[in-house]
Amino acid sequence: MSDLSDSKSPLGIDDVRHVAKLARLALSQERLAQLQRELVAILGHIEQLQAIDTTGLEPMTHPLTLSNRLADDVPEPGMPIAELLRNAPATEGVFLVVPKVLGGESA
Amino acid sequence: MSDLVALRDDIRSGKTTARTAVDGYLARIEQQNPTLNAYRETFANEARASADSIDRAIAAGDVTGPLAGVPIAIKDNIVTRLGSTTCSSRILENYHSPFDATVIDRLAAAGAILIGKTNMDEFAMGSSCETCAWGAVRNPWDTTRVPGGSSGGSAAAVAANLCAAALGSDTGGSIRQPASLCGIVGFKPSFGRISRYGLVAFGSSLDQIGPLTHSVRDAALLYQCMAGDDGHDSTCAPRPVEDVVKSLEDVPRAFRVGLPTQYRNGNAAAVDAAVTRAVEHFKAMGAEIVDIDLPLTDVGISTYYVIAPAEACSNLARFDGIRYGHRTKSASAHDLFDLYAHSRAEGFGREVQRRIMLGTYVLSAGYYDAYYRRALQIRRLIKQEFDTAFGKCDVILGPTSPTAAFTIGGVTDPLSMYMCDVYTVNTNIAGICGISLPAGFDESTGTRLPVGIQLQAQAFAEPLLFKIARSYECAQGGREFISA
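The shown structure was predicted, so the numbers you read here are calculated from the model rather than taken from an experiment. (Residues numbered from 1 in each chain as written. Chains lettered and ligands numbered in written order. Predicted model: local features only at pLDDT ≥ 70, side-chain atom pairs only at ≥ 80, totals over all residues. Heavy atoms only, no water.)

Draft legend 1. Expanded view of the overall build of chain A. Along its length, chain A carries 3 helices and 2 strands. Helices and strands appear in chain A in the N-to-C order α-α-α-β-β. In chain A, once contacts between residues fewer than 6 apart in sequence are set aside, the share between residues at least 24 apart is 20%. Surface summary for chain A: the accessible area is close to 7300 Å², and the carbon and sulfur share equals 56%. (Helix = DSSP H or I, 4+ residues; strand = E, 2+ residues; numbered from the N terminus. Contact = heavy atoms within 4.5 Å. Areas by Shrake-Rupley, 256 points an atom, 1.4 Å probe, with all protein chains shown as cover.)

Have a look at this one:
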């Protein structure tokens, strides 16, 4: 996988195409170009974060300082499979239908 | 014109019935929703049946809950077994939840009636309700203008008196900003106060469910009915919920109101005037007014637009066209990658795609430290800045939104839209609580457009926040209803 930081321009069209691939979004050339312009503008604004001294600061991932909370190890009924499958776009019996998986994702 | 508490009391005392209330709201919805587009769907038959059963229970003298018979609207990112839950997105069109969110269970246990689901910005991403896949929502005060977002359908429904109250969600201002633009009360609880089980996740370290209401006492009551630990949500704080309803009318003891100098830059004149009037009110109540400094106000939007899209792109990875939601019919989707990529490109709207792209970029190899890690470090600075400020004051007073409602289509640049939330995002970043209160009107455009003020308090300081907000509300005489 290419490292985005290797590219010279702040966010080239190839970078945008690569990000769209990572994000699993099949976008047109026109849409990619539009996103490039918008993302460059947004990232230009976000650049102000680089001026702030963050030396020694612990990243804050969450507002609550809770440690892991474990549920009691008691079995509970799961959700009804028939009801869950009602939302699936393609099923066969109790299975979800997907395209061929072996052979890997396209490059 | 009344608030939820008054309606509840009238139903309880037999002065009116739940059925009358439901029928009245449904008639108003039928009349106004074609213009406002606040509701995506209503539950007429089920709401009438619930109302009749509650009326029978009340007539029989059976014990009923604190919300018995009051019709409440639900933002469409909170799952309900009733109807569908779409997040106003094509990717979830026709999605039927196999379970009710915890807040829905708690409202039902208190006797509330679900009257319908409200439109929103797609996946709660927006500040205007223009990104809704089912068309823009309109502001009842001026239907050429936006109601704010993302809980704009809920705000418009309450403002137009199409329900007794509504639920919304707030990730960076999505309850408070539309409440401000629609002239009603909007409350974002402290992070961890209300279960998110059944809230479709956007930013997991930021999202909170909260009420949009006619009054502060309504907001306090709904909060109390929903708050508290939940075995289904491990991020719900395991601490008892104080009785905020009981203490609501206590006139607060001497308290200090902090006024940040950074909250006075570039606001509409009517917004600054509303804050000034509120300062006079609190002075007259005997509060001490303290100047405080929040220099990181200005970097809140930048910090938010790293953290929120990063969390969103992870949360929205589940929409893949396999287990639920839209699946592409494109003939070119012959392998798994293409199925994902086409389904997602077809199902997600433009703003959602933009944020997924931004989030994926800031988390990608080579940029993680420069953007995501750095934003989390600055998040800690923002939290520390609030901690310091709350050493000098009990609540922070300022505007909710820099302006009143803008026209539909009036803000097209994404970055300008993001700036609508300059005074609200840091509340979520720090995990504290905040409330927007109706505080007058901007009449500079020739129409009466509501403006709001915001009060913020420390995490878990809801009892004090509600008391102070209630005292302001009582002095103002409550919110103004739109004349027919």
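Draft legend 2. Highlighting the pattern of salt bridges. Under the counting rule described, the total for this entry stands at 28 salt bridges over all chains. Across the pair Arg81(B) and Glu83(A) runs a salt bridge, and its minimum N-O distance is 3.3 Å. With one member in each of two chains, Arg81(B) in the loop between strand E2 (71-75) and helix H4 (102-109) and Glu83(A) in helix H3 (residues 81-85) form a pair that bridges those chains. Here Arg81(B) falls in the partly exposed class, since its relative accessible area comes to 48%. Since its relative accessible area comes to 22%, Glu83(A) is described here as partly exposed. Across the pair Arg48(B) and Asp23(B) runs a salt bridge, and its minimum N-O distance is 2.7 Å. Taken together, the residues Arg48(B) in helix H3 (residues 44-59) and Asp23(B) in helix H2 (residues 18-36) connect sequence positions 25 residues apart. Through salt bridges with shared partners, a single ionic network connects Glu38(A), Glu351(B), Arg354(B) and Arg355(B). (Salt bridge = Lys/Arg side-chain N within 4 Å of Asp/Glu carboxyl O. Buried < 20%, exposed > 50% of the residue type's maximum accessible area, 1.4 Å probe, protein only.)

Draft legend 3. Structural detail: the interface of chain B and chain A. Each partner contributes residues to the interface: chain B has 80 residues there, and chain A has 60 residues. With both chains or domains summed, chain B and chain A bury close to 6000 Å², and 66% of this area falls on carbon and sulfur atoms. The interface formed by chain B and chain A holds 3 salt bridges in total. Ionic pairing is found between Arg69(A) and Asp229(B), a salt bridge with its closest N-O pair at 2.8 Å. Across the contact surface, chain B and chain A share 26 residue pairs in polar contact (both at pLDDT 80 or more). At the level of elements, helix H9 (300-315), helix H10 (336-347), helix H11 (350-362), helix H12 (368-389), helix H13 (414-418) and helix H14 (425-430) of chain B are the ones that each hand at least two residues to the side of chain B that touches chain A. Of all the elements, H12(B) adds the most residues to the side of chain B that touches chain A, at 13 residues. Residue classes in the side of chain B that touches chain A are distributed as 41 nonpolar, 22 polar and 17 charged. (Buried area = accessible area lost by both parts, 1.4 Å probe. Polar contact = N/O pair within 3.5 Å; in protein donor to acceptor, adjacent residues only side chain to side chain. Nonpolar A, V, L, I, M, F, W, Y, C, P; charged D, E, K, R; others polar.)

Draft legend 4. The domain arrangement of chain B, seen in detail. Residues and elements named next belong to chain B. Taken domain by domain, chain B consists of domain 1 (4-253 + 455-476) and domain 2 (298-376). Listed per partner, the contact involves 19 residues of domain 1 and 20 residues of domain 2. Summed over both partners, the interface of domain 1 with domain 2 comes to about 1600 Å²; 67% of that surface belongs to carbon and sulfur atoms. Linking domain 1 to domain 2 there are 0 salt bridges. Applying the counting criterion to the domain 1 and domain 2 interface returns 9 residue pairs in polar contact (both at pLDDT 80 or more). Grouping the constituent residues of the side of domain 1 that touches domain 2 by class yields 9 nonpolar, 8 polar and 2 charged. (Domains from an automatic or database assignment.)

Draft legend 5. Quick look at helix H2 (residues 29-46) of chain A. Its 18 residues place the ends of H2(A) 25 Å apart at the C-alpha level, agreeing with the 26 Å of an ideal helix rising 1.5 Å per residue. Among all positions of H2(A), only Arg31(A), Leu32(A), Leu35(A), Glu38(A), Leu39(A), Ile42(A), Leu43(A) and Ile46(A) are buried. Buried residues of H2(A) fall within an arc of 135° about the axis and therefore sit on the same side. Across from the buried face of H2(A), at angles greater than 90 degrees, the exposed residues are Gln29(A), Glu30(A) and Arg37(A). The elements touched by buried residues of H2(A) are helix H1 (13-22) of chain A together with H9, H11, H12 and H13 of chain B. (Expected span 1.5 Å × (residues − 1). Arc of directions from axis to C-beta.)

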